[in-house]
Structure formats: structure tokens, C-alpha cells
Amino acid sequence: MQVASDAWKTTLDAVVPAVVVLKVTQTRAFDTESAGSSYATGFVVDKARGLILTNRHVVTPGPVVAEAIFLNREEVPVQPLYYDPVHDFGFMRFDPGRLQFMKAGEIPLAPDAAAVGLDIRVVGNDSGEKLSILSGTLARLDRDAPHYSRRGFNDFNQFYIQAASGTKGGSSGSPVVNIKGQAVGLNAGGKNKAASAYYLPLHRIVRALHLLQACHQPDGSWAQPAIPRGDLQATLVFKGYDEVRRLGLRTETEAAVRASKQQHEGDGALLGERPGSTGMLVVESVVPAGPAEAVLEAGDVLVRLNGQIVTDFLTMEALLDDNVGGSVHVEVERGGKPLAADVRVQDLQTVTPCRLLDLGGGAVNELSYQQARNNRAAVGQVYVAESGYLLGKAGVPKYAIITSLAGTPTPDLDAFVEALKGLRHGQRVPLEFFTFGERHRRKSTILHVNWSWYGPPKVWTRNNAAGIWDCLVEMPHSLAAAGPKAGEAGEACDVAAANGTPPAAGGSASKRPPLHPGAASGTTAGPAAASPAKAGAAGASIPRKRSVPSIPQHEDIEKQQPGVTAQADDSRLLGSPAAEAAMAAGMGAAAGEAPADQAEAANMWRSMLEEQLRCGLVLVDVEIPLVALADGVHSRSFSGCGVIVHQSESLGLVLVDRNTVTVGPGDVMLSFGAFPAEVPARVRFLHPLHNFSICSYDPRQLSEEARRLIRPLHLAPSPPLRRCDAVELVCLSKSLRILHRTSSVTNPAMSVLIHKAEVPRFRAVHEEVVKLDQDFGIAYSGVLCDRSGGVRALWGSYSEQLNKEEQEWTAGGSTCACEPARLDGSGSDASGGGGLEATVPLPPPPVVTLDAELEPLLLSKAAQFGLPTEWVSRLVRLDPERRQVLRVHSRVAGSHAQEVLCDADMVLAISGQPVSSYNDVERIIAEAAAAAAQLPEVQLTIFRDSAVQEVTVRLGGEDGLGTNRMVHWCGAQLQYPHRGVRELGFLPERHGVYISRWHHGSPAHRYGLYALHCVSEVNGQPTPDLDAFISVVRQLPDGADVRVRLVHFESNKSKVLTLKTDHRYWPTWQLVLDSVTAEWTREPISSPI
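Only a predicted model underlies this, so the values are computations on that prediction, with no experimental measurement involved. (Residues numbered from 1 in each chain as written. Predicted model: local features only at pLDDT ≥ 70, side-chain atom pairs only at ≥ 80, totals over all residues. Heavy atoms only, no water.)

## Topic: the overall build of the chain
Here is step 1: A tally of regular secondary structure across the chain gives 22 helices and 60 strands.
Here is step 2: The proportion of buried residues among the 1089 residues of the chain is 57%.
Here is step 3: When the accessible surface of the chain is totalled, it reaches about 43100 Å², and 51% of it is carbon and sulfur. (Helix = DSSP H or I, 4+ residues; strand = E, 2+ residues; numbered from the N terminus. Buried < 20%, exposed > 50% of the residue type's maximum accessible area, 1.4 Å probe, protein only. Areas by Shrake-Rupley, 256 points an atom, 1.4 Å probe, with all protein chains shown as cover.)

## Description of unusual backbone geometry
Here is step 1: The step from serine 718 to proline 719 runs through a cis peptide bond, and the omega angle for that step is -5 degrees.
Here is step 2: Residue position: proline 719 is located in the loop between helix 14 (704-709) and strand 38 (726-732).
Here is step 3: Of note in this structure, tyrosine 399 is not a glycine but carries a positive phi near 75 degrees.
Here is step 4: Take tyrosine 399: it is sitting in the loop between helix 8 (388-393) and strand 24 (401-405).
Here is step 5: Positive phi values are uncommon outside glycine, yet alanine 406 reaches one of about 55 degrees.
Here is step 6: Here alanine 406 is to be found in the loop between strand 24 and strand 25 (408-409).
Here is step 7: With relative accessibility at 35%, the residue alanine 406 sits in the partly exposed group.

## Points about the pattern of salt bridges
Here is step 1: Enumeration according to the criterion identifies 53 salt bridges in this entry.
Here is step 2: Across the pair glutamate 67 and arginine 1006 runs a salt bridge whose closest N-O atoms are separated by 2.2 Å. Highlighted residues: glutamate 67 in strand 4 (residues 64-69) and arginine 1006 in helix 21 (residues 1003-1007), separated in sequence by 939 residues.
Here is step 3: Exposure remark for arginine 1006: the relative accessible area of 11% places this residue in the buried category. (Salt bridge = Lys/Arg side-chain N within 4 Å of Asp/Glu carboxyl O.)

## Digging into the packing of helix 3 (residues 203-213) against helix 6 (residues 313-321)
When two helices pack together, their arrangement is captured by the angle between the axes and the distance separating the axes.
Here is step 1: Interhelical geometry of helix 3 versus helix 6 gives an angle of 30 degrees and a closest axis separation of 10 Å. Between helix 3 and helix 6, the angle is such that the two are roughly parallel. Across from His203, Arg204 and Arg207 in helix 3, the residues of helix 6 making contact are Leu314, Glu317, Ala318 and Asp321.
Here is step 2: Its residues assigned to classes, the contact of helix 3 with helix 6 shows two nonpolar, one polar and four charged. (Axes fitted to C-alpha atoms, helices over the stretch in contact; angles between N-to-C directions. Parallel < 35°, antiparallel > 145°, perpendicular 65-115°, else oblique. Contact = heavy atoms within 4.5 Å. Nonpolar A, V, L, I, M, F, W, Y, C, P; charged D, E, K, R; others polar.)

## Points about helix 17 (residues 869-878)
Along an α-helix, a turn takes 3.6 residues, which lines up residues three or four apart on a common side.
Here is step 1: For helix 17, the full list of buried residues reads Trp871, Val872 and Leu875. Along helix 17, the residues classed as buried sweep out an arc of 105 degrees about the axis, all on the same side. Exposed side of helix 17, more than 90 degrees from the buried face: Thr869, Glu870 and Arg877 are the residues found there.
Here is step 2: Where helix 17 is buried, its residues contact helix 16 (859-864), strand 46 (884-891), strand 47 (906-910), strand 48 (913-914), strand 49 (937-944) and strand 50 (947-954). (Arc of directions from axis to C-beta.)

## Focus: the pairing of strand 50
Look at any regular strand and the pattern is simple: side chains alternate between the two faces of the sheet.
Here is step 1: Direction of pairing for strand 49 relative to strand 50: antiparallel, over a ladder of eight bridges. Opposite glutamine 939, over in strand 50, you have threonine 952 as the bridge partner.
Here is step 2: Hairpin geometry of strand 49 and strand 50 is characterised by an intervening segment of two residues between the two adjacent antiparallel strands and by a positive phi of about 55 degrees at aspartate 945. (Pairing = 2+ DSSP bridges.)

## Notes on the confidence of the model for the chain
Here is step 1: Averaged over every residue, the pLDDT of the chain is 84; residues scoring 70 or more account for 84%.
Here is step 2: Confidence over residues 480-594 falls short of pLDDT 50; this stretch has 291 contacts with residues more than four positions distant or in other chains.
Here is step 3: pLDDT under 50 marks residues 822-841. Its contacts with residues more than four places away, or in other chains, come to 56 contacts. (pLDDT = per-residue confidence, 0-100.)

## Quick notes on the state of the cysteines
Here is step 1: According to the stated counting rule, one finds zero disulfides in the structure shown.
Here is step 2: Cysteine 731 takes part in no disulfide bond, and the closest cysteine sulfur to it belongs to cysteine 641, at a distance of 7.6 Å. (Disulfide = S-S within 2.5 Å.)

## Quick look at the packing of aromatic side chains
Here is step 1: Enumeration over the complete set of coordinates arrives at 18 aromatic pairs.
Here is step 2: On the numbers, 5.9 Å between centres and 40 degrees between planes, the contact of phenylalanine 685 with phenylalanine 692 is tilted. Per residue, the accessibility class of phenylalanine 685 equals that of phenylalanine 692, and both read buried.
Here is step 3: Ring geometry for tryptophan 969 against phenylalanine 1029: centres 5.3 Å apart, planes inclined by 85 degrees, an arrangement best described as edge-to-face. Of this pair, tryptophan 969 sits in strand 52 (residues 965-969) while phenylalanine 1029 sits in helix 22 (residues 1026-1033), placing them 60 residues apart in sequence. Each of the two residues, tryptophan 969 as well as phenylalanine 1029, counts as buried. (Phe/Tyr/Trp six-rings, centres within 6.5 Å; stacked < 30°, edge-to-face > 60°.)

## Some details on a nonpolar patch on the surface
Here is step 1: On the surface, a nonpolar cluster with roughly 220 Å² of combined accessible area is contributed by Leu71, Leu131 and Ile133.
Here is step 2: With respect to the helices and strands, leucine 71 occurs in the loop between strand 4 and strand 5 (75-83). (Patch = residues over 30% accessible without salt bridge, like charges linked within 9 Å, V, L, I, M, F, W, Y side chains within 5 Å.)

## Quick word on the sheet that holds strand 5
Here is step 1: If you trace the six strands once around the closed barrel, you get 1-2-3-6-5-4, paired in antiparallel fashion. On average, each strand axis in the sheet is tilted by 40 degrees relative to the strand beside it, whichever way the strands run.
Here is step 2: Two strands pair when backbone bridges link them, and strand 4 and strand 5 are joined in this way by four bridges, in the antiparallel orientation. Considered in strand 5, the bridge of glutamate 67 is made with proline 77.

## Structural notes on the nonpolar core
Here is step 1: The biggest cluster of nonpolar side chains holds 53 residues, and the ones touching the most others in it are Phe43, Leu53, Phe70, Phe89, Phe91, Leu109 and Ile205.
Here is step 2: Setting aside residues no more than four positions away along its own chain, phenylalanine 43 makes contact with Ala18, Val19, Leu51, Ile52, Leu53, Ile107, Leu109, Gly173, Ser174, Pro175, Ala183 and Leu186.
Here is step 3: Core analysis: the second largest hydrophobic core is formed by 41 residues, Trp453, Tyr454, Val620 and Val679 among them. (Core = buried A, V, L, I, M, F, W, Y, C linked by side-chain atoms within 4.5 Å.)

## Digging into the pairing of strand 21 (residues 355-359)
Here is step 1: In terms of residue burial, strand 21 counts as a mostly covered element, since four of its five residues are buried.
Here is step 2: Here strand 21 runs beside strand 28 (residues 458-463); their pairing, made up of four bridges, is antiparallel. In the strand pairing of strand 28, leucine 357 is matched with valine 459.
Here is step 3: Pairing geometry for strand 21 and strand 22 (residues 362-366), over three bridges, is antiparallel.

## Let's talk about the environment of lysine 239
Here is step 1: Position of lysine 239 among the secondary structure elements: in strand 14 (residues 234-240).
Here is step 2: When its relative accessible area of 25% is taken as the criterion, lysine 239 is described as partly exposed.
Here is step 3: C-alpha of lysine 239 to C-alpha of aspartate 144: the two residues are 95 residues apart in sequence and 9.9 Å apart in space.
Here is step 4: Dropping the residues within four chain positions of it, lysine 239 is found in contact with Val244, Gly279, Met280 and Val282.

## Observations regarding the side chain of glutamine 801
Here is step 1: As for its position among the elements, glutamine 801 is in strand 42 (residues 791-802).
Here is step 2: Residue class for glutamine 801 comes out buried when judged on its relative accessible area of 15%.
Here is step 3: A polar contact of 2.6 Å, which involves the side chain of glutamine 801, links it to the backbone nitrogen of glutamate 758.
Here is step 4: In this view, glutamine 801 contacts His755, Ala757, Glu758, Arg761 and Glu806; residues no more than four positions away in its chain are not counted. (Polar contact = N/O pair within 3.5 Å; in protein donor to acceptor, adjacent residues only side chain to side chain.)

## Considerations on the environment of histidine 714
Here is step 1: Tracing the chain through its elements places histidine 714 in the loop between helix 14 and strand 38.
Here is step 2: Since its relative accessible area comes to 42%, histidine 714 is described here as partly exposed.

## Things to note about helix 3
Here is step 1: The element helix 3 is largely enclosed, with a buried count of eight among its 11 residues.
Here is step 2: Among all positions in helix 3, only Arg204, Ile205, Val206, Arg207, Ala208, Leu209, Leu212 and Gln213 are buried.

## Quick notes on the side chain of histidine 896
Here is step 1: Among the secondary structure elements, histidine 896 is positioned in helix 18 (residues 896-900).
Here is step 2: When neighbours within four sequence positions are excluded, histidine 896 is seen to be in contact with Thr952, Val953 and Arg954.

See the structure below:
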């Protein structure tokens, strides 16, 4: 025993220096693999040429960046050289000259040394450990290839070796060595429940190694590897003689096969010692359109290939690899009948995808042999490895097959790329696809072509000789928008007029107009072309992805709600005979004519009200690309209801809640209730405190009939609603149907206190909402109106995070909250004059804020904290209904309010005027802002430390467009800390570069450059803002080692990490908002290589 132990120690001393830890990052989804980063193991098999053997699922079929870490913790870059199309092995290479402080070992391969009962050691990176050595004994040499995944990589047509070593994650690619230090197998997988491990035999690996060694040039470079690999595109499995007899194998055939095996193995060989000695190979499946289709069938028993009896995979593969491009004579037995045919041998390299289409954040490639076998489909079809933004927005799922685009069939990737190149930015074209789960059903969708977020399509091509993927930009034939560009200038001009904003020059995000309180108030040039409209907090959410729990179907709710008037169809539009009759009846009743039937009159009134409101409601669908998920937004897709408040010849304005239009970047689509039409919209205003935003659209994109039917709604915030008031709740369903019921106000001014989310994001603050006795649940939204159709409040959606789960609820937002952002349409378009030029910029309406979040406290509780009786009485007289005082809940970090106010301060008066509600606070602040040219200061009367005190607070300002710049560096998304972060009340000293997201497969993912941190230094140079950050990273070359100092936004804990830049797959670029056109532009910072 001691002798064996010493022998193993000597062996391991020689083996361990040849084992490396592989740190592999797949930069793009491709074929069977997703983008990501992982650790694995490999071992050197040729130290002179720098060849490392590992698993195929470690090398991965897609573009990767990898390093090998040797025993002395020396890190050397490695490049993929070859991976087998079928079996789980691949090779990486490194430059031996870059290994400076140790000599690499080398492990010889001995495939024939594997035998049942052999003691082995598995040396590798098991469970993420630096080095782990596990012992075991080989138990089987003919185990079936393990099945890992229904949609991922699976080895087949191969025997595996089995042992009970219990290897786990990270040990993939480890050498399985005997006591002589020879590798007898390659660790590939295992089963945790049974502590079993599966090893790949090395026979075909040795062949591949010899062919690769021949590709190494004398100057140290590598030629393109050429390893002949043949296949019939058929999967075979090994079955024992007992089972193949039941399949119909004739006795004389079995006798001939047994005699052949006995002769080959010799009389002294134990039965079952060699793979294939106790059974035969049986066809399990055949790939459609492959060489074996219509020749072989499932259940066929393979007898001979080219006249040679074949009962094991090794012999079969050797014959196929030697006949690539030719044919083999196949003899099988099917149900006891002998059959023979010549079958073409498929070159596996031609059905192994080597190109990747990078399309709108997604990945498309030709359907590989692996996936074709998994799903029983023909190879070479257009396969969606990752939907990304463009295809995902169209509803094309991962693993789908695209069959046509814009009416052009796309049988392969070349045809699909050519069809894409013929599309224009902004164009909408039909796309057909199917999924393997419903392969007999073709699905149609509309693809909205958008090159702005991710740039034009790019085709990556594998270059095994260089170990990289080469990129070719497939520039579309035309990048011009499908619609007229003139509409954009007209829309910007009209928005400026609606805001009452004077003409100004400039318009980029870097030259945004300065904030000043006076910009919020402005005079209008005249009435709107349609009915006058005033801005208000509007919109409400309908079910959205990953935000709302399971709810009943819309149609079911429409039918089951008591007292609901639901329209059965869309025939009752304004101008229809039914609407004209109702109008006449309504006019007659107004003139004093007594209707014959009161019920009929009530129905006429309800119908008129519903039609009036339907023509002013829209559905708002928002899709946000992954590269634009700013400000901690919690989902990529949102859908809700908006209210049209203005429409002129070239400008339409829609109010919608901020739970639907959450951030500025993204694609917004409007669907009108008045007429079946869809148009894109742009985000024009995001209120930093209240739950509403404003979008604009170009009515010239609508038909004349649609423009005639659309009627902006009139916002009527006064007089305020009171408890028990009857209101009409009118909602627009997702099917564009009106739902209507009469409800009673239960609470006209419920204070909203939304809890802070785990990831900071927008929260509605200083909000008082209307609650009803009955509504339609979270699935519906719309307006609260009076009997004349005036909008009293907007039934909107609110979102918050409770116990790490998203919760949504609906409530009415008073239109008074929108007064500082009033948008009255100018009459320039209607009158045909105005003289405004198309270059008028669009400064957002500035919002002046107190920069302190207040919460209500009952006066009875305030008195217990010592609030003087005279102030209690004064506040009761001010507001007998609420009977509350406002208390400081938190302060915005970096603001003047944070310096002079304290948490729990009671705010009694502002500028000498007592306050007890949010409306009081905002009214006084708006008055102070309107009277000052700059951000004003206000005098606050507060109660602190048992005393009434006077403090002066300088008000803060938010510009109303939110985040206007995002920098992408090494796969991390950087921006200035948005208000949701600053509302937490603390920021690091250097906080100008905030990480809001990171992307899978990027250096940020690989090295841990995660969100919720601020970048304070890069290579020792301070980065106080994005400009300073860009000036530092712009100078960094590809592959540079970078030191980054991070500060956690909450704990202020500082740490330093290192990473390597990757300009090939993750170049530096930025998204910048143009405040004139409200368009986002993608700008490169570092050029890809």
C-alpha cells in the first residue's frame, strides 16, 4: 500500500504542472450555448506547440475569450483552435513563450490503457477549487453517451467510460490518469445523485491531435485546421444481443457477428471487456434531409460498413472519417430482412455553423447538426440562438426557425442576411417563423426594423487559425427612415410652441438648455386645432411582462363585471349612424324634451360618453432594449393606457403613467381607440416626482379619417373630488374596447408612500390619489370623469417592490399634479402661420423640487412629539379633513436640503404659509419658482428638537428628460446616478460614474464589474464624471490590464478589481439623447478591431 501511495505521489508531481484552470467567457450566444462566463479545466498535451486538451462545451462553438491559469498562478491567454462537431472534446492553444516563471508539463495520451478495474486519479478544478484530486476505479468502458439537455449539446455515437469518482462543476476537461501518469480518458460529465463520472475515450482525440500538430507552422503560426470528420446524419445506440434479437436479427447473422468478434479479440479475452463485444449498433434516429434519410430507419440493426462487421462506434467512425465526401456500403437488417445501400458520407465541417449574425442584440446562425438532431430538423435553416431586442420585440422566441422575411423565403443564413440588407430603418415588414414545439404551424409577426440601438447587422465568422472571430458589418442598402423626416422637425417645432418655449439654438444632450424656474410658465398662441387640452397626470397600466401576477383574461372580466357596459364591436364610432342618433337624442333631452323611455335615454348618454372618451384614449406599448435599461427599470416590456391631451396638424401629445413609460430610452408605440391605427411616439417629458409622463406623435402618419375621429380629452381638475362623489370610471381594454361603470369616491386624497426597491428606481412621491369603492382591478386603466366627459382624474398604475416581489395597484391621479408641466397646443399649425422654424429646440419643462421627501403624520401623533398646541390648532383650521402635519422622511443626496434639514423635521410652513398637504407644498414652490430667474430659496418653518425653527432651503431642479447619456464600457452600462439613487440620501464622494447594468459574456461579467457601484478611479486616475471617465478609457488599448476602484453606492465600501479590455467583442460606445428631436443616437468611442 505504501509503495502504491509513493508511486501515485510521484505520478501526480509530474501530472499537476500540466493541468491548467481555464477561465472562459463566451461573448455571444451561439448554437447550443448562451453567453456567459465559467471556469473549467484543461491539460497540456503538447508543451512545445502549446496545445491544451479540454471539453467541447468548454471551448464552446461560439466566440470566446479565455485564459489559462497554471499551477504557479501565472495567467496566459489562450485561443480556441478546434472543437469536434459531435464529441465532447476540443483544443485550445497558447504561446509557450509567454509562460515566464515555470515550465509547463505534458501528459501523454494512452487510449488503449483504459480497462475495467483500473485505478485512476482525476486532477482538475473541481467545484471551483484551484486544484482537486479525486480517486476512482473504472467500472465500464461501454456506457451510453450521457444526455445533458434537450436543447443543448449532447454527445452521441460514442461509448463512454464510467467510474465512481463524483466529479462536479469546474472539473470538465480534467485528465483521467493512471499510475504511470498517462491520460486514459477525458472527464466530461457526471451524475451527482449517483456520484458517477463519465469520461470520454481518447482514441479519436489522438487522431485529431496528430492532425493539429501538422497545422503548426515553423514560424510559430497556425494554419487553418483540417480534420476530416464524416457522418451519415444518423444516431445509433448500442443494444445487447437479447434486444437486437427482438428487433428481428437473424440467428445466422448473430452467429457471424459473434464469430468475427471472437476472432478479433482472441480466445483469451473476457466477454464484455472490449466495447461492442456483447451486442450490436441500432439506428435510433435519422436527421431529415440528411444522407441517411429514406435509407435508414429507426430500429435498423447495423451489420457491415464496406463489407466489414461493425459493432462499436470506434470502428464505425474510422470508416466514415476515411470516406468523407465519398460513400460507404451499408448493410443492415430491418425486421429480419437484410438490406444494403450506398450512402453518402457527410462532411461534418460543412454542417457545423461557423458564422454568427449579430442582429439587434440577438444571435442568429445556421441550424447545426447538434440542434437538428435534437429537434429532428434539417440542418442549415435560420436558427435563433438568442432573440435579443429586435426579434424579441416581434415575438420571435429563442430556438425558433425563421422561414421568410418581407415576403422573401430565407432557407439559409445568406438569404436571410440579403433580405435584411434590403430593409430600411423604421420599416415594418412581415416575418414568418415556427418553433419546434409547434413545427407544423407557421406563425406570422411584424418586424420593426430599428438600427439605432444596436447598429446595423454584423456577421461574425470563425477564424480558427487566429483563434478569433472576424466581423463584417452587413450595411443595409438604405438607412433612411421609411417615413418622411420632415415630420420630425415639424413635431419638435410644435412641441416647443405647445410648451410656450421661445426659440433657441442647439439641441444635443451635451448642450441642453439650462434649468430655470420661469421656463415652466408660458403663454399659448391660441386654441388648439382640436378642442383645448391641458396636461395632467395620466395613463394606467395593463398586464405587463414579469410585473403582474396571474389575472383573468380581459374578455372574461368584461363579461363578468356587474354593471359594466362593454362594447361588443367597433362599429359605434363617431360619425356612424348609431352615434348620430344618440347625439340627436341627447340634444333633444338637453332642450327639455322628455324621453319616452328613461332607460333608453340613460343608455344613449352612456353610449355618447363612451364614444367621446374612446376617441381620446390610446394604448401605449413600450419596449426597452437591454442596452438602454437605464435608471434601474425593472422590466423590458410595459403596456398601459394613455390620454390624448392635444392634437394639431403635426403634433399629438399623450399623457401616460410612469409605470408604463418608465424611462426615456425605448420604443413607444400608440394604438388608438378612435380608429385602428398604430404610430410610434417619443418620450418628451418624465416627471421626476409624480406618476406621469408625456409622449408625442406625428398625426401626419395617420390617415385622414383617423385624424378626424381622434378627439383630445378635456382635463377638469377643479373642483376637487370629495368623498362619496359619483364618478364615471371608463377604461380601455387591450382589445381596444371601452369598459364603463359608475363608482363612488371612498378617499379623494390618499397619501402614497412607495417603499424603496432593492435596485433604486423611480418612485412616485408627494402623491395623493383617489380610491374608489369598485374598479376593474389592475388589468385595466383609464379615466375618472364627470357626466359631461371632463376628466377629473386619471386612473393609473403604480408599482412597488414588497419583499423582493413586484406589486401593482391602480388609483386615480389628480390632474392638478400636472399644472407645472401644462402643455396647451399652439395655434400655429391650425392657422397655417406662426413663423416658427424647424430648428426650434425642445427644452423640457423644468421641475423645481424641495429635494426632501415628506410623509404625513397625524396631528394627534405630532402632539405627542411635542408639537405646540397653537400649531396643532392652526393646522386643524387649515385642513379639517386631513388633520396632519408633513414630516421629513428622507432627503436627496447632494442637495441643499440635505445640509439644512434633518430626518423627522416637521414642516409647518413655507414662505410664511402653513402647509398640511402635498398640494400646498407644490403650490408654494411653484409660486416661488415663477417669481425667480434662478433656483430660489424658500423659508421653512420647522419643528425640531422640541422647538419651532426657521431655516432657509435652496430649491433643486430636475430637467424632465431624465437620464440623457449612457456609456457602455467592457459590457458595463454607466450613467450619472439618477434621482432614484440620490433619493436614498447618500452617495460616495466620487459618484459621477454609476454602474446601472452589466451584460452576460462581457468583461464586466467575467471580472465582477457589477451594478450598484460607482467607478471612482481607473488606473489611479479620478473619474468624477462621465467625461473624465471617457478621457481615461479612450486611451486604453485592446487587451489592456485595467485597475478599477469601485465604491458601493449604499455601504460606501471601496474595492479594487482588475479586468482586461475587449475591443473586438465589447467596444466602448455611448447612447446620447438629442433634446430637440427626443431621439437617442449611438456613438462609438473606441473602434472595434
